Amino acid sequence: EVQLVESGGGLVQPGGSLRLSCAASGFTFSRYAMSWVRQAPGKGREWVSGINSIGVSRSYADSVKGRFTISRDNAKNTLYLQMNSLKPEDTAVYYCAKYKVAVVTGNVDYWGQGTQVTVSS
(Lines give C-alpha, C1' and ligand atoms only; values in the text may rest on other atoms or scores of the structure.)
Protein backbone atom coordinates (compact mmCIF):
# COMPACT_ATOMS: atom_id res chain seq x y z
CA GLU A 1 0.00 0.00 0.00
CA VAL A 2 1.41 3.36 -1.04
CA GLN A 3 1.65 5.83 1.83
CA LEU A 4 2.84 9.43 1.79
CA VAL A 5 3.00 11.15 5.17
CA GLU A 6 3.82 14.85 5.36
CA SER A 7 5.17 16.61 8.43
CA GLY A 8 6.84 19.87 9.39
CA GLY A 9 4.03 22.35 8.90
CA GLY A 10 3.09 24.98 11.44
CA LEU A 11 2.71 28.65 12.18
CA VAL A 12 5.55 30.95 11.13
CA GLN A 13 5.99 34.70 10.86
CA PRO A 14 6.46 36.40 7.49
CA GLY A 15 10.07 36.10 6.43
CA GLY A 16 10.54 32.90 8.38
CA SER A 17 11.41 29.39 7.25
CA LEU A 18 9.98 25.90 7.48
CA ARG A 19 11.12 22.51 6.22
CA LEU A 20 8.47 20.05 5.16
CA SER A 21 9.11 16.32 4.95
CA CYS A 22 7.21 13.54 3.21
CA ALA A 23 7.92 9.96 4.26
CA ALA A 24 7.11 7.49 1.50
CA SER A 25 6.43 3.77 1.76
CA GLY A 26 4.80 0.96 -0.18
CA PHE A 27 6.64 1.58 -3.46
CA THR A 28 10.19 1.92 -4.80
CA PHE A 29 10.69 5.58 -4.00
CA SER A 30 13.83 6.00 -6.10
CA ARG A 31 12.01 5.09 -9.32
CA TYR A 32 9.47 7.91 -9.32
CA ALA A 33 9.37 11.67 -9.61
CA MET A 34 7.70 13.51 -6.76
CA SER A 35 6.07 16.87 -6.26
CA TRP A 36 4.70 19.32 -3.74
CA VAL A 37 1.25 20.80 -4.33
CA ARG A 38 -0.58 23.29 -2.12
CA GLN A 39 -4.13 24.41 -1.59
CA ALA A 40 -4.94 27.76 -0.03
CA PRO A 41 -8.29 28.38 1.67
CA GLY A 42 -11.03 28.77 -0.91
CA LYS A 43 -8.71 28.08 -3.84
CA GLY A 44 -7.82 25.16 -6.07
CA ARG A 45 -4.67 23.10 -5.81
CA GLU A 46 -1.49 24.77 -7.05
CA TRP A 47 1.57 22.83 -8.16
CA VAL A 48 4.59 24.14 -6.26
CA SER A 49 7.62 22.08 -7.21
CA GLY A 50 8.74 18.78 -8.72
CA ILE A 51 11.85 16.62 -8.68
CA ASN A 52 12.81 13.67 -10.84
CA SER A 53 13.51 10.22 -9.49
CA ILE A 54 17.24 10.68 -8.94
CA GLY A 55 17.00 14.27 -7.76
CA VAL A 56 19.03 16.00 -10.45
CA SER A 57 16.17 17.79 -12.20
CA ARG A 58 14.03 20.22 -10.22
CA SER A 59 11.33 22.67 -11.22
CA TYR A 60 9.35 25.36 -9.42
CA ALA A 61 6.29 27.51 -9.79
CA ASP A 62 7.15 31.15 -10.43
CA SER A 63 5.47 32.08 -7.16
CA VAL A 64 8.09 30.19 -5.10
CA LYS A 65 11.17 30.26 -7.32
CA GLY A 66 14.22 31.48 -5.42
CA ARG A 67 12.56 30.94 -2.04
CA PHE A 68 11.72 27.21 -1.95
CA THR A 69 14.04 24.25 -2.54
CA ILE A 70 12.86 20.71 -3.21
CA SER A 71 15.12 17.77 -2.46
CA ARG A 72 14.94 14.05 -1.79
CA ASP A 73 16.89 11.35 0.04
CA ASN A 74 16.29 8.09 -1.76
CA ALA A 75 18.14 6.14 0.94
CA LYS A 76 15.59 7.41 3.48
CA ASN A 77 12.56 7.35 1.14
CA THR A 78 11.90 10.97 2.04
CA LEU A 79 11.00 14.09 0.08
CA TYR A 80 11.68 17.58 1.43
CA LEU A 81 10.63 21.16 0.79
CA GLN A 82 12.75 23.90 2.33
CA MET A 83 10.70 27.09 2.43
CA ASN A 84 12.46 30.39 3.10
CA SER A 85 11.29 34.01 3.07
CA LEU A 86 7.75 32.87 3.67
CA LYS A 87 4.88 35.21 2.81
CA PRO A 88 1.27 35.26 4.01
CA GLU A 89 0.21 34.12 0.55
CA ASP A 90 2.15 30.89 1.10
CA THR A 91 -0.47 29.90 3.68
CA ALA A 92 -1.97 26.61 2.50
CA VAL A 93 -2.20 22.91 3.07
CA TYR A 94 0.88 21.35 1.46
CA TYR A 95 0.65 17.90 -0.10
CA CYS A 96 3.32 15.64 -1.47
CA ALA A 97 2.39 13.58 -4.49
CA LYS A 98 3.92 10.72 -6.47
CA TYR A 99 4.19 10.79 -10.26
CA LYS A 100 3.52 7.68 -12.35
CA VAL A 101 6.94 7.99 -14.01
CA ALA A 102 10.52 8.96 -13.19
CA VAL A 103 10.28 12.46 -14.62
CA VAL A 104 8.15 15.45 -13.68
CA THR A 105 5.46 15.03 -16.30
CA GLY A 106 1.94 13.78 -16.60
CA ASN A 107 -0.34 13.00 -13.71
CA VAL A 108 0.29 11.99 -10.14
CA ASP A 109 -1.33 8.87 -8.80
CA TYR A 110 -0.96 9.15 -5.03
CA TRP A 111 -1.30 12.00 -2.53
CA GLY A 112 -0.45 12.46 1.10
CA GLN A 113 -2.91 13.78 3.67
CA GLY A 114 -1.32 17.23 3.76
CA THR A 115 0.31 19.46 6.35
CA GLN A 116 -0.89 22.96 7.23
CA VAL A 117 1.45 25.92 6.78
CA THR A 118 0.28 29.25 8.15
CA VAL A 119 2.31 32.42 7.62
CA SER A 120 1.09 35.19 9.87
CA SER A 121 2.34 37.77 12.32
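As a reminder, the structure under discussion sits directly above these lines.
Predicted model only: the values in this text are computed from it and were never measured. (Residues numbered from 1 in each chain as written. Predicted model: local features only at pLDDT ≥ 70, side-chain atom pairs only at ≥ 80, totals over all residues. Heavy atoms only, no water.)

**Things to note about the sheet that holds strand 3 (residues 18–25)**
No. 1: If you trace the 4 strands from one edge of the open sheet to the other, you get 1-3-8-7, paired in antiparallel fashion. The two strands at the open ends of the sheet, each matched to only one other strand, are strand 1 (3–7) and strand 7 (68–73). With direction set aside, neighbouring strand axes in the sheet form an average angle of 15 degrees.
No. 2: Looking at chain direction, strand 3 and strand 8 (residues 78–83) are connected through 6 bridges and run antiparallel. Across the sheet, Arg19 pairs through a bridge with Gln82, a residue of strand 8. (Pairing = 2+ DSSP bridges. Helix = DSSP H or I, 4+ residues; strand = E, 2+ residues; numbered from the N terminus. Axes fitted to C-alpha atoms, helices over the stretch in contact; angles between N-to-C directions.)

**Here's the deal with the state of the cysteines**
Disulfide: a covalent bond formed between the sulfur atoms of two cysteine residues.
No. 1: The full count for this structure, using the stated rule, is 1 disulfide.
No. 2: In this model, Cys22 is linked to Cys96 through a disulfide, with the two sulfur atoms separated by 2.0 Å. Its S-S torsion of approximately 40 degrees makes the covalent link between Cys22 and Cys96 right-handed. Remark: Cys96 occurs in strand 9 (residues 92–99) and Cys22 occurs in strand 3; sequence separation between them is 74 residues.
No. 3: Accessibility expressed as a relative area gives 0% for Cys96, which makes it buried. (Disulfide = S-S within 2.5 Å. Buried < 20%, exposed > 50% of the residue type's maximum accessible area, 1.4 Å probe, protein only.)

**Things to note about the packing of aromatic side chains**
No. 1: The final tally for this structure, using the stated rule, is 3 aromatic pairs.
No. 2: Ring geometry for Phe27 and Tyr32: centres 5.9 Å apart, planes at 65 degrees, overall edge-to-face.
No. 3: The exposure class of Tyr32 is partly exposed, given its relative accessible area of 24%.
No. 4: Chaining the aromatic ring pairs together yields one cluster made of Phe27, Phe29 and Tyr32.
No. 5: Between the NZ or CZ atom of Arg19 and the centre of the ring of Tyr80, over which it lies, the distance is 4.0 Å.
No. 6: Between the NZ or CZ atom of Lys98 and the centre of the ring of Tyr32, over which it lies, the distance is 3.9 Å. (Phe/Tyr/Trp six-rings, centres within 6.5 Å; stacked < 30°, edge-to-face > 60°. Lys NZ or Arg CZ within 6 Å of the ring centre and 35° of its normal.)

**What about the nonpolar core?**
No. 1: Formed by 27 residues in total, the largest nonpolar core has its most connected members in Trp36, Phe68, Leu79, Leu81, Met83 and Tyr94.
No. 2: In this view, Tyr94 contacts Glu6, Leu20, Trp36, Val37, Arg38, Val48, Phe68, Leu81, Met83, Gly114, Thr115 and Val117; residues no more than four positions away in its chain are not counted. (Core = buried A, V, L, I, M, F, W, Y, C linked by side-chain atoms within 4.5 Å. Contact = heavy atoms within 4.5 Å.)

**Quick word on the pattern of salt bridges**
No. 1: Under the counting rule described, the total for this entry stands at 5 salt bridges.
No. 2: With its nearest N and O atoms 2.9 Å apart, the salt bridge here joins Arg38 to Asp90. Separated by 52 residues along the polypeptide, Arg38 in strand 4 (residues 34–39) and Asp90 in the loop between strand 8 and strand 9 bring together distant segments of the chain.
No. 3: Judged by relative accessible area, Arg38 falls into the buried class, the value being 5%.
No. 4: Owing to a relative accessible area of 0%, Asp90 belongs among the buried residues under this scheme.
No. 5: For the salt bridge of Lys98 with Asp109, the shortest nitrogen-to-oxygen distance reads 3.1 Å. Taken together, the residues Lys98 in strand 9 and Asp109 in strand 10 (residues 108–111) connect sequence positions 11 residues apart.
No. 6: With a relative accessible area of 5%, Lys98 lands in the buried category.
No. 7: Exposure remark for Asp109: the relative accessible area of 29% places this residue in the partly exposed category.
No. 8: One salt-bridge network, held together by shared partners, links Arg38, Glu46, Arg67 and Asp90. (Salt bridge = Lys/Arg side-chain N within 4 Å of Asp/Glu carboxyl O.)

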